[in-house]
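Here is how the chains run, residue by residue.
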Amino acid sequence: MNKLFTSLSVTTGAAFTFILAGVVPNILDSVTTKPAIAQTGIDVAAVRSSALSKHNNYRSTHNTPAMTMSNSLNNTAQEWAEYLASNGTFQHSSSSQRNGAGENIYVYYTTAGSANADTITKGVKSWYDEVSKYDYNNPGFSGETGHFTQVVWKSSTQLGCGAAKGVKTLGGNQYNAFYLVCQYGPAGNVMGQFPANVLKP
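Residues numbered from 1 in each chain as written. Predicted model: local features only at pLDDT ≥ 70, side-chain atom pairs only at ≥ 80, totals over all residues. Heavy atoms only, no water.

## Considering the nonpolar core
Inference 1: Judged by nonpolar contacts, the single largest core of 29 residues is most densely connected at Ile120, Trp127, Leu180 and Cys182.
Inference 2: Those elements that place two or more of their residues in this core are helix H1 (44-61), strand S3 (102-110), helix H3 (117-120), helix H4 (122-128), helix H5 (146-152), strand S4 (158-170) and strand S5 (173-185).
Inference 3: Of all the elements, H1 adds the most residues to this core, at 5 residues.
Inference 4: With residues up to four places along the chain from it excluded, the contact list for isoleucine 120 reads Ile42, Val47, Tyr106, Ala115, Ala163, Phe178, Tyr179 and Leu180.
Inference 5: Counting residues in hydrophobic clusters, the runner-up holds 15 residues, among them Ala85, Val107, Tyr109 and Tyr179. (Core = buried A, V, L, I, M, F, W, Y, C linked by side-chain atoms within 4.5 Å. Buried < 20%, exposed > 50% of the residue type's maximum accessible area, 1.4 Å probe, protein only. Helix = DSSP H or I, 4+ residues; strand = E, 2+ residues; numbered from the N terminus. Contact = heavy atoms within 4.5 Å.)

## Topic: the state of the cysteines
Inference 1: A complete count under the given rule lists 1 disulfide for this structure.
Inference 2: The disulfide partner of cysteine 161 is cysteine 182, and the S-S distance across this bridge is 2.3 Å. Between cysteine 161 and cysteine 182 the sulfur-sulfur dihedral comes to about 105°; the bridge is accordingly right-handed. Separated by 21 residues along the polypeptide, cysteine 161 in strand S4 and cysteine 182 in strand S5 bring together distant segments of the chain.
Inference 3: Residue cysteine 161 is classed as buried on the basis of its relative accessible area, which comes to 0%. (Disulfide = S-S within 2.5 Å.)

## Digging into the pattern of salt bridges
Where side chains of opposite charge bring their charged atoms close, a pairing between them can arise.
Inference 1: As enumerated under the stated definition, the model contains 2 salt bridges in all.
Inference 2: Between lysine 125 and aspartate 129 there is a salt bridge whose closest N-O contact spans 2.7 Å. (Salt bridge = Lys/Arg side-chain N within 4 Å of Asp/Glu carboxyl O.)

## Describing the packing of aromatic side chains
Inference 1: The full count for this structure, using the stated rule, is 6 aromatic pairs.
Inference 2: Here tyrosine 128 and phenylalanine 148 contribute two aromatic rings whose centre-to-centre distance is 5.6 Å and whose plane-to-plane angle is 75°, an arrangement assigned as edge-to-face. Of the two residues, tyrosine 128 is situated in helix H4 and phenylalanine 148 in helix H5; the sequence distance between them amounts to 20 residues. Take tyrosine 128 and phenylalanine 148: they sit in the same class, and that class is buried. (Phe/Tyr/Trp six-rings, centres within 6.5 Å; stacked < 30°, edge-to-face > 60°.)

## Remarks on the environment of serine 126
Inference 1: Note that serine 126 resides in helix H4.
Inference 2: What makes serine 126 buried here is its relative accessible area of 13%.
Inference 3: On a C-alpha basis, the gap between serine 126 and histidine 147 in space is 8.6 Å, while along the polypeptide they are 21 residues apart.

## Things to note about the side chain of lysine 165
Inference 1: Here lysine 165 is to be found in strand S4.
Inference 2: In this structure the side chain of lysine 165 is engaged in a polar contact, spanning 2.8 Å, whose partner is the backbone oxygen of glycine 113. (Polar contact = N/O pair within 3.5 Å; in protein donor to acceptor, adjacent residues only side chain to side chain.)

## Examining unusual backbone geometry
Inference 1: The linkage connecting glycine 185 with the following residue, proline 186, adopts the cis geometry, with an omega of -15°.
Inference 2: Examined against the element boundaries, proline 186 turns out to sit in the loop between S5 and helix H6 (194-197).
Inference 3: With a phi angle near 55°, asparagine 63 is a residue other than glycine that sits in the positive phi range.
Inference 4: A relative accessible area of 55% means that asparagine 63 is categorised as exposed.
Inference 5: Although it is not a glycine, asparagine 189 adopts a positive phi angle of roughly 55°.
Inference 6: Its place among the elements puts asparagine 189 in the loop between S5 and H6.

Have a look at this one:
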């Protein structure tokens, strides 16, 4: 099974956290999981605003037009974030569930009881940081850079994001799990279109 672990961060102090970014069905198959009900308390409007701003800042670095927020993508992204939080899973929605849009997902596990919009949208930076592995001289799709290329994909003009809080049991310890789902329309990462859509800074 193809598994991708694109970001792992451990901090010390009041809260233990680690982060998964990216997309692979059943990435935590080997870990005991405990389904949980998605909980409220996240300022989703602030998450969306922060995510859009971060996306557009990165896109401007690549001479790529800014995206605008899409209500329909917000709705499908929110539905999927709530599904992930409710079921304690980390996997993509199906293409039909997101109406053919592109998708990046991210989860932040912590013992802290809450997470603000900036903390949750660190996922956007995690996706973009794959830029260091992208080869502009050999453009194309790679599992190591697919989140980055979707973030800056020139032909993706609309963005929708959702966020939800769940609970996850890992190694016998319980963590709060904050999920970020962003969907892109039209979808990026189209084979043969990388040179025209992933521009050098």
